[in-house]
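Spelled out from the first residue to the last, the chains are:
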Amino acid sequence: MSEQQVDHSKRTWLIASSCAGVAGGVATAVPFVSTFQPSERARAAGAAVEADISALKPGEKMTVEWRGKPVWILRRTPEQLESLKKTDALVADPKSERKPAEVTPMETTRNEWRSIKPEILVVVGICSHLGCSPSDRLVAGPQPSLPDDWQGGFLCPCHGSTFDLAGRVFKNKPAPDNLEVPPYTFLSDSKLLIGEAKA
């Protein structure tokens, strides 16, 4: 009898201490695991987004979402790149010198193409006037609401702002600035990381 009482006591003690150990372990693990979660500030800022451009042909555009905004990736043809020389004198900020920290934060994109690699344009597809999303008008030539010598670009249907194939706003339009170039990095020839720039 006494042996059974001793065994019973030991069993109770082992169960109680095991439960206490598990509870203590959980209490310790919860704050530790929560440190791996992104902070509220990081979540609000938006994580970087990868974009696979391997299937993007010359003259084609794709859209990805970053921070709730549309980001356009356009693979420009040699002819489209050549057309930028014709629009240099017609755009308001040809060298992206206006508001560089906001509109063109990377020095590597403050050029005529507004891109790291000339053929790949990466811009946020939101007009700098009232936040509308411009429409593609990538084909050159006369079109409704556009000049007869149109070289290709984008038209904001809200108030008629026009942008060339580098996202540069034309002079005397309601939009005050060029389309924003987000920070981005080439992970490879076919993959972009939007939201982070190389240090």
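Our subject in this report is the structure included herewith. (Residues numbered from 1 in each chain as written. Predicted model: local features only at pLDDT ≥ 70, side-chain atom pairs only at ≥ 80, totals over all residues. Heavy atoms only, no water.)

A sheet is described by the order of its strands in space; here three strands give the open sequence 2-3-4, paired in antiparallel fashion. Either end of the sheet is taken by a strand with one partner, and the two such strands are strand 2 (61-66) and strand 4 (120-124). When strand polarity is set aside, the average angle formed by the axes of neighbouring strands in this sheet is 20 degrees. Alignment of strand 2 against strand 3 (residues 69-75), held across six bridges, turns out to be antiparallel. For Val-64, the partnering residue across the bridge sits in strand 3 and is Val-71. (Pairing = 2+ DSSP bridges. Helix = DSSP H or I, 4+ residues; strand = E, 2+ residues; numbered from the N terminus. Axes fitted to C-alpha atoms, helices over the stretch in contact; angles between N-to-C directions.)

This brings us to the environment of Val-64. Along the chain, Val-64 turns up in strand 2. With a relative accessible area of 13%, Val-64 lands in the buried category. Sequence-wise, Val-64 and Glu-50 are 14 residues apart; in three dimensions their C-alpha atoms are separated by 8.8 Å. (Buried < 20%, exposed > 50% of the residue type's maximum accessible area, 1.4 Å probe, protein only.)

Going through the model one piece at a time under the given rule, you end up with eight salt bridges. Taking the shortest distance from any N to any O, the salt bridge between Lys-61 and Asp-136 comes out at 2.7 Å. Placement of the pair is Lys-61 in strand 2 and Asp-136 in strand 5 (residues 135-137), with a sequence separation of 75 residues. Taking the relative accessible area as the measure of exposure, Asp-136 reaches 32% and is therefore partly exposed. When the shortest N-O distance is used, the salt bridge between Glu-82 and Lys-85 registers 3.6 Å. (Salt bridge = Lys/Arg side-chain N within 4 Å of Asp/Glu carboxyl O.)

Bridging between strand 8 (residues 184-188) and strand 9 (residues 191-194) involves four bridges; their strand directions are antiparallel. Its bridge partner being in strand 9, Thr-185 is matched across the sheet by Leu-193. Where strand 8 folds back on strand 9, the antiparallel hairpin that results is connected by two residues.

A word on the layout of surface pockets. The gaps left among the atoms become clear once a water-sized probe is rolled over them. Each pocket or cavity is described by its volume, and for the largest pocket that value is around 160 Å³. Along its surface, the largest pocket is lined by Lys-69, Lys-99, Glu-102, Val-103, Val-124, Ile-126, Cys-127, Ser-128, Asp-177, Asn-178 and Glu-180. (1 Å grid on protein atoms, 1.4 Å probe; cavity = no way out; pocket = protein on both sides within 12 Å on 5 of 7 lines; lining within 4 Å. Points joined across faces, edges and corners; volume = space filled by probe spheres on them.)

The sheet built from three strands is open, its strands ordered 5-6-7 with antiparallel pairing. For this open sheet the edge positions go to strand 5 and strand 7 (162-164), each flanked by a neighbour on one side alone. The average angle at which neighbouring strand axes cross in this sheet is 25 degrees, direction not considered. The pairing of strand 5 with strand 6 (residues 153-155) spans three bridges and is classified as antiparallel. The partner of Asp-136 across the bridge, within strand 6, is Phe-154.

Attention shifts here to the side chain of Arg-114. For Arg-114, the position within the fold is in the loop between helix 4 (100-103) and strand 4. Despite its burial, Arg-114 pairs with no opposite charge, the nearest such side chain being Asp-164 at 6.6 Å. A polar atom in the side chain of Arg-114 sits 2.9 Å from the side chain of Ser-96. For Arg-114, the side chain forms a polar contact with the side chain of Thr-104, separated by 3.1 Å. Ignoring sequence-local partners within four residues, the contact set of Arg-114 consists of Ser-96, Val-103, Thr-104, Thr-109, Leu-121, Val-123, Ala-166, Gly-167, Arg-168, Asn-178, Leu-179 and Val-181. (Lys, Arg positive; Asp, Glu negative; His and termini not counted. Polar contact = N/O pair within 3.5 Å; in protein donor to acceptor, adjacent residues only side chain to side chain. Contact = heavy atoms within 4.5 Å.)

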